[in-house]
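Descriptive structure summary
If you want the building blocks of each chain, they are given just below.
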Amino acid sequence: MRAPGSYPSNRFQQNRGKMATPREKDAAEYVEKHKIIELMDNMTSMLLFYRPENPREFLIEQLEQLKTSRESGVRGPNLFDNSNLDAVFGILDPANQKYITFAQYKQALTMLGIKDINECPDGVNEDRISHETFKTEAMEGLQRTSATYAQL
């Protein structure tokens, strides 16, 4: 399974400059403005990951969580949790030094599908990114990436 936002999402975005009609351009702008493709990608990924007995009910719950996240700023639906991030960090830190390099940090966040990586996290000057800093930056980045709405 791919990380959210890790591949070009559709023909609207790929062919935007090649659209022949104003209606097609309008549709492409609408889809982009409202992040429809990202929303569908995220919902499909979550369905395939969790495989709930009642997919419609699951989708409704995820959309309600997304709405709550947008309105209140609380964490919204996401495929990755603390245990997943602990596992990623553990792979990058097999000697259990409790830190990784900045290059490892960037590579891991990119692998998770995070595009807007904080280039100056705590520990960057020493080239020692702590476990806590990694998890904080990853969770914030994943939240931004999975937010299929304009940030308030």
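All values derive from a computational prediction rather than experimental measurement.

What counts and how
Residues numbered from 1 in each chain as written. Predicted model: local features only at pLDDT ≥ 70, side-chain atom pairs only at ≥ 80, totals over all residues. Heavy atoms only, no water. Helix = DSSP H or I, 4+ residues; strand = E, 2+ residues; numbered from the N terminus. Contact = heavy atoms within 4.5 Å. Areas by Shrake-Rupley, 256 points an atom, 1.4 Å probe, with all protein chains shown as cover. Buried < 20%, exposed > 50% of the residue type's maximum accessible area, 1.4 Å probe, protein only. Arc of directions from axis to C-beta. Core = buried A, V, L, I, M, F, W, Y, C linked by side-chain atoms within 4.5 Å. pLDDT = per-residue confidence, 0-100. Salt bridge = Lys/Arg side-chain N within 4 Å of Asp/Glu carboxyl O. Phe/Tyr/Trp six-rings, centres within 6.5 Å; stacked < 30°, edge-to-face > 60°. Lys NZ or Arg CZ within 6 Å of the ring centre and 35° of its normal.

Side note on the overall build of the protein chain
Check the secondary structure of the protein chain and you find seven helices and two strands. Ordered by position in the sequence, the α and β elements of the protein chain form the string α-α-α-α-α-β-α-β-α. Within the protein chain, counting contacts between residues at least 6 apart in sequence, those at least 24 apart form 63% of the total. Here the protein chain displays about 9800 Å² of accessible surface, and carbon together with sulfur accounts for 52% of that area.

Details of helix α5 (residues 82–92)
Because each turn of an α-helix spans 3.6 residues, side chains separated by three or four positions in sequence point in the same direction. Listed as buried for α5 are Leu85, Val88 and Phe89. In a view along the axis of α5, the buried residues occupy a sector of 95°, so they form one face of it.

With respect to the nonpolar core
Residues Leu85, Tyr105, Leu109, Leu112, Phe134 and Leu142 are the most contacted members of the largest nonpolar core, which totals 17 residues. At the level of elements, α5, α6 (102–111) and α7 (131–146) are the ones that each hand at least two residues to this core. Every residue in contact with Phe134, bar those within four places of it in the chain, is listed here: Leu85, Val88, Phe89, Ile100, Tyr105, Ala108, Leu109 and Ile129. Core analysis: the next-biggest nonpolar cluster, separate from the first, contains five residues, Leu39, Met43, Phe58 and Leu66 among them.

As for the confidence of the model for the protein chain
Per-residue pLDDT for the protein chain has a mean of 80; in total, 78% of the residues score no lower than 70. Low confidence marks residues 1–9, where pLDDT is under 50. Its contacts with residues over four positions away, or in another chain, come to 20 contacts.

What about the pattern of salt bridges?
Tallying each qualifying case throughout the model produces two salt bridges. Between Lys106 and Glu119 there is a salt bridge; the shortest N-O distance is 3.5 Å. In this pair, Lys106 is assigned in helix α6 and Glu119 in the loop between α6 and β2 (129–130), connecting sequence segments 13 residues apart.

Overview of the side chain of Glu137
Its location among the elements puts Glu137 in helix α7. For Glu137, a relative accessible area of 12% translates into the label buried. Setting aside anything within four residues of it in sequence, one finds Glu137 in contact with Tyr105, Leu109, Asn118 and Pro121.

Brief notes about the packing of aromatic side chains
Any aromatic ring pair is given by two values, namely how distant the centres are and how the planes are angled relative to each other. For the structure shown, the criterion picks out four aromatic pairs. Judged by centre distance (4.8 Å) and plane angle (90°), the ring pair of Phe49 and Tyr50 falls under edge-to-face. The exposure class assigned to Phe49 is partly exposed, which follows from its relative accessible area of 42%. Classification of Tyr50 by relative accessible area gives partly exposed; the value is 41%. Clustering of aromatic rings is evident, with ring pairs tying together Phe49, Tyr50 and Phe58. Positioned above the aromatic ring of Tyr99, the side-chain terminus of Arg128 is 3.9 Å from the ring centre.

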